[in-house]
Number of protein chains: 2
Amino acid sequence: MSQLPEQSAGPSVPTSADVARLAGVSRATVSYVLNDNTTVRISDATRRRVREAAFDLGYVPHAAARSLRAGHSRMVLLPAAQQLPGPLHQRFFTDLQTDLRRLDYTVVQYGSVGLDADEAVRAWAELRPVAVVAPGGVHLTPHRTGVLTRSGAKAVITLGPQPVEGAHALVLDQREVGASAARHLLSRGRRSIGVLMPQDPGLAVFAGPRLAGVLRAVETSGAAARAEPLPLAYEEEPAARLAARWRTLGLDAVIAYDDEYAMLLMRALQDAGVGIPEETAVVGAGDLMLGRLLRPRLTSVRMELAAAQPPAELIDRLIRHPGGPRERHDLLRARTVVRESG
Amino acid sequence: MSQLPEQSAGPSVPTSADVARLAGVSRATVSYVLNDNTTVRISDATRRRVREAAFDLGYVPHAAARSLRAGHSRMVLLPAAQQLPGPLHQRFFTDLQTDLRRLDYTVVQYGSVGLDADEAVRAWAELRPVAVVAPGGVHLTPHRTGVLTRSGAKAVITLGPQPVEGAHALVLDQREVGASAARHLLSRGRRSIGVLMPQDPGLAVFAGPRLAGVLRAVETSGAAARAEPLPLAYEEEPAARLAARWRTLGLDAVIAYDDEYAMLLMRALQDAGVGIPEETAVVGAGDLMLGRLLRPRLTSVRMELAAAQPPAELIDRLIRHPGGPRERHDLLRARTVVRESG
DNA sequence: TTGAAAGCGGTACCAA
DNA sequence: TTGGTACCGCTTTCAA
């Protein structure tokens, strides 16, 4: 009240010492009461006085001070290098957050935009999280993983198309998406498959493995078939140009990056008079609502997350029993939902 | 190396004291060197020894300890109650993060799922952020704002459809979206406007104000027109049912929640034989690519973020000059892009 | 040029 | 049942 000019410095933040002073007890007692410490007996009268004092002052404990003293935090760090696209990831993160909170972890998304990988990892380590779940955007190396574990992280887990040496891995193997689409098309007798490659660099981590999956499926099929990448920006004009030279490509099928790219190409192909699916079969990915609204209805690879154990429980286990062997968990299931477009 | 069993406890995290010991200097010197403190002269030899020791140990400073000592942090908290939908928000958050980081703030997204508003605000306050940017999902009250400022936050800023008493506001006034669409339709002679209302509760904060905007535009137009809300779940079946009874509704126009809802309804209407735009005009929102791919091409309300000052700079200013009057900044611009559907 | 020591806000041990 | 106090890791005066 009477310490500093309240104008510029603002009302100073109340500490447990302020609560203790107001309640006429020691800081230790304040700590006991507010944390419901059961190993120590405090009279109800004192309890009430402390509680009232804390309420009156608007006291809120200082998380950093607490975890500094405790020597550990319960912070799980999700470094969001970039927003991952699509409802699948959205759902995954929402569920993960909910479940981790239920296990009493504090989930923090740390924006690492504009930092290079080494800087980013250092910045994460400064926060001393108990675990880090790193999406594919930041490439973890064994060295970087080491920085994190040496800073006290009990578990370092990557989330992405492929595992990384030295860290646990939640794998969303995109190859299976491409492979599923390719197997379907091959089974329908298609032999020349184009694979749409989005130019958005943020999607490259997904598009590459999907193409690899297509190529592998073509090779292992034994059929005299081929697959060919087709770069395409998400704009009408490039799509129209691609459609204009479509017949020169000699393709009888195309796997789009997702349903939206499929829609873009389908429109261009139809405007160019290319018959779908007679001349060219089209397969999307994501099984979005819009695919069902297109005519012909879009065949699409449905992706689902399926894990033997919910990811949050997995992370909790890895935190509590560190030092075990690196684990790999495949989360992505893909199957092609056949409709009219191919 | 030889201190503790490395098996269970793990290698203990190196502190500045460890660095000091290894370099043969005091902790103070370590701090000076690693922070490039210019007010004090350290010999180059010492500098190098400290740097080497820090590197060898893999030392990373402890952010919590540092800001505890400093008495303040540079953490800007973005409590992500729910992921906000659409590329517009996506872009907004990415830019905000980038810009804040450039101003040397640490951006932390804190997942508050599963907490009620009061718990959530307390949890935020425990982190002692220097500023909080709260999306509309969590309803801030003057009391809750007080908890944050009393915990040391220099700026509390809401981000949502309407401002909140006691906090600064970045306003995305969705009413203008509805109003723009309605004005366009009225100018084209439409007089009975349906307004699609998504059932997803997460979208209610946006849908409500948009409807309000439509109603206001209809009232102020002076025309003998009416507007009517039409609840619709994002599924084919409900859309088909709505389309089946469309002609009984006596509507000559409909404003969809966004382009995807517009596509859903257009397909159902077309399947039911309702002529677009002859019988019913359709207007979407968001001006997504898919609207341009529909036939007829979709008229849509384009939304843009425009601010006199980039939000990050605004936040920085509010942090550095706290105690000023509450500010309100309107960010959303809406205008209708006319295509073929209405 | 460097070191000793205080202190940021909590928690928990040991006494009283 | 309660209080004194050391300590978590770091920064920053003040002295040497």
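Per chain, the residues get numbers from 1 upward, laid out in the order the sequence is written. Here chains are named by letter from A upward and ligands by number from 1 upward, in the order in which they appear as written. Two thresholds apply to this predicted model, a pLDDT of at least 70 for residue-level local features and 80 or more for giving and counting side-chain atom pairs, whereas whole-chain, interface and lining totals are computed over all residues. In computing side-chain values, all of the structure's heavy atoms are included and hydrogens and water are not.

Chain A goes by LacI family transcriptional regulator in an unreviewed UniProt entry, where it is assigned to Streptomyces nitrosporeus.

Enquirer: Run through the domain arrangement of chain A, naming residues and quoting values.
Expert: Residue and element names in this part refer to chain A. Segmentation of chain A into domains returns domain 1 (16-61), domain 2 (70-171 + 306-333) and domain 3 (175-302). Domain start and end points were adopted from an automatic or database domain assignment. Averaged C-alpha coordinates put domain 2 and domain 3 at centres separated by 33 Å. Each partner contributes to the interface: domain 2 provides 8 residues, whereas domain 3 provides 8 residues. By definition, the buried area sums, over both parts, the 1.4 Å-probe accessible area that each loses when the two are put together. Interface of domain 2 and domain 3: buried area, both sides summed, is about 570 Å²; carbon and sulfur atoms make up 73% of it. Each reported salt bridge corresponds to a side-chain nitrogen of Lys or Arg within 4 Å of a carboxyl oxygen of Asp or Glu. Between the two partners, domain 2 and domain 3, sit 0 salt bridges. Pairs of N or O atoms within 3.5 Å make up the polar contacts considered here, provided that, within protein, one atom can donate a hydrogen while the other can accept it, and that residues adjacent in sequence are counted only when both atoms are side-chain atoms. Our count for the domain 2 to domain 3 interface comes out at 0 residue pairs in polar contact (both at pLDDT 80 or more). Counting from the N terminus, the helices are DSSP H or I runs at least four residues long and the strands are E runs at least two residues long. At the level of secondary structure, the elements contributing two or more residues to the side of domain 2 that touches domain 3 comprise α6 (86-102) and β12 (332-337). Any pair of residues with heavy atoms lying within 4.5 Å of one another is described as a contacting pair.

Enquirer: So what about the nonpolar core? Which residues, and what values?
Expert: Among the buried residues, those of types Ala, Val, Leu, Ile, Met, Phe, Trp, Tyr and Cys that are joined through side-chain atoms within 4.5 Å form a nonpolar core. Exposure classes here rest on a 1.4 Å probe applied to the protein chains alone. A residue is buried below 20% of its type maximum, exposed above 50%, and partly exposed in between. Counting residues in each nonpolar core, the largest one holds 154 residues, and the members touching the most others are Leu196(A), Trp246(A), Leu196(B) and Trp246(B). Setting aside its immediate chain neighbours within four residues, Trp246(A) contacts Leu230(A), Leu251(A), Val254(A), Leu265(A), Leu269(A), Val274(A) and Thr280(A). Membership of the second largest hydrophobic core comes to 40 residues, among which are Ala125(A), Ala167(A), Val132(B) and Ala153(B).

Enquirer: Please set out the protein's contact with DNA strand C residue by residue, giving values where relevant.
Expert: By convention in these notes, a residue is near a molecule or strand provided one of its non-hydrogen atoms lies within 4 Å of it. Around DNA strand C there are 28 residues in total, and Arg27(A), Tyr32(A), Arg69(A), Arg41(B) and Thr46(B) lie nearest to it. Considering the 4 Å shell around the protein, atoms of DNA strand C inside it are sugar or phosphate in 55% of instances. Take Ser31(A): an N or O atom from its side chain is 3.1 Å from a phosphate oxygen of DNA strand C. Where the surface near DNA strand C is concerned, the elements lending two or more residues are α3 (27-34) and α5 (63-70) of chain A together with α2 (27-34) and α4 (63-70) of chain B. The biggest single contributor to the surface near DNA strand C is α3(A), with 4 residues. Basically, the charged four are Asp, Glu, Lys and Arg, the nonpolar ten are Ala, Val, Leu, Ile, Met, Phe, Trp, Tyr, Cys and Pro, and anything else, Gly included, counts as polar. In terms of residue class, the surface near DNA strand C is built from 12 nonpolar, 10 polar and 6 charged.

Enquirer: Please give an account of the protein's contact with DNA strand D that cites residues and values.
Expert: The immediate surroundings of DNA strand D are formed by 26 residues, with Arg41(A), Thr46(A), Arg27(B), Tyr32(B) and Arg69(B) found nearest. Sugar and phosphate atoms represent 62% of those atoms of DNA strand D found within 4 Å of the protein. One of the side-chain nitrogen or oxygen atoms of Arg69(A) is found 3.1 Å away from a base oxygen of DNA strand D. Where the surface near DNA strand D is concerned, the elements lending two or more residues are α3 and α5 of chain A together with α2 and α4 of chain B. Ranked by residues supplied to the surface near DNA strand D, first place goes to α2(B) with 4 residues. In terms of residue class, the surface near DNA strand D is made up of 11 nonpolar, 10 polar and 5 charged.

Enquirer: Outline the interface of chain A and chain B, supporting the account with residue identities and numerical values.
Expert: Between chain A and chain B, the residue contacts involve 52 residues of the former and 52 residues of the latter. The contact between chain A and chain B buries some 5,100 Å² in all, and 57% of this surface belongs to carbon and sulfur atoms. Where chain A touches chain B, the interface holds 2 salt bridges. Counting every contact that joins chain A to chain B gives 11 residue pairs in polar contact (both at pLDDT 80 or more). Among the elements of the structure, α5, α6, β2 (106-110), α7 (117-126), α8 (142-150), α13 (259-271) and α14 (289-293) of chain A are those that each provide at least two residues to the side of chain A that touches chain B. Along the lines of polarity and charge, the residues of the side of chain A that touches chain B split into 26 nonpolar, 12 polar and 14 charged. Two elements, β2(A) and strand β2 (residues 106-110) of chain B, share 3 bridges in a ladder whose sense is antiparallel. Across the sheet, Tyr110(A) pairs through a bridge with Val108(B), a residue of β2(B). DSSP-based pairing: two strands are paired if at least 2 bridges between them are found.

Enquirer: Kindly report on the relation of the copies chain A and chain B, identifying the contributing residues and their values.
Expert: Look at the two chain copies: a rotation about an axis and a shift along it is all it takes to match them. At an RMSD of 0.1 Å, chain A and chain B line up after a rotation of 180 degrees and a shift of 0.0 Å along the axis. A rotation of that kind, with that shift, is consistent with a two-fold axis. Residue by residue, 100% of the interface of chain A is reproduced at the interface of chain B, so both copies engage with the same surface. We place the copies in one frame by least squares, fitting the C-alpha atoms of every residue whose pLDDT is at least 70 in both.

Enquirer: Break down unusual backbone geometry for me, citing the residues and quoting the values.
Expert: For the bond from Arg295(A) to Pro296(A), the omega torsion is -5 degrees, close enough to zero to count as cis. By the element assignment, Pro296(A) lies in the loop between α14 and β10 (299-305).

Enquirer: Before we move on, could you go through the packing of aromatic side chains and cite the residues and values that matter?
Expert: When two rings of Phe, Tyr or Trp (its six-membered ring) have centres within 6.5 Å they constitute a pair, described as stacked for plane angles under 30 degrees, edge-to-face for angles over 60, and tilted for the intermediate range. Tallied over the full model, the rule gives 6 aromatic pairs over all chains. Geometrically, the ring pair formed by Phe92(B) and Phe93(B) is edge-to-face, given 5.6 Å between the ring centres and 75 degrees between the ring planes. Both residues of the pair, Phe92(B) and Phe93(B), belong to the buried class. Three or more aromatic residues joined by ring pairs form one cluster here, namely Tyr234(A), Tyr257(A) and Tyr261(A). The criterion for a charge sitting over a ring is simple: Lys NZ or Arg CZ within 6 Å of the ring centre, and within 35 degrees of the ring normal. We note Arg74(B) situated over the ring of Tyr105(B); from NZ or CZ to the ring centre the distance is 4.1 Å.

Enquirer: Kindly report on the pattern of salt bridges, identifying the contributing residues and their values.
Expert: The full count for this structure, using the stated rule, is 42 salt bridges over all chains. The shortest N-O distance in the salt bridge between Arg175(A) and Asp173(A) comes to 3.0 Å. Assessed through its relative accessible area of 33%, Arg175(A) is described here as partly exposed. Notably, a salt bridge pairs Asp18(B) with Arg21(B), separated by 2.6 Å at the nearest N-O pair. Linking Asp18(B) with Arg21(B), this pair stays in helix α1 (residues 16-23), spanning 3 residues, or about one helical turn. Residues joined in a network through salt bridges with shared partners are Asp287(A), Arg302(A), Glu304(A), Arg335(A) and Arg339(A).

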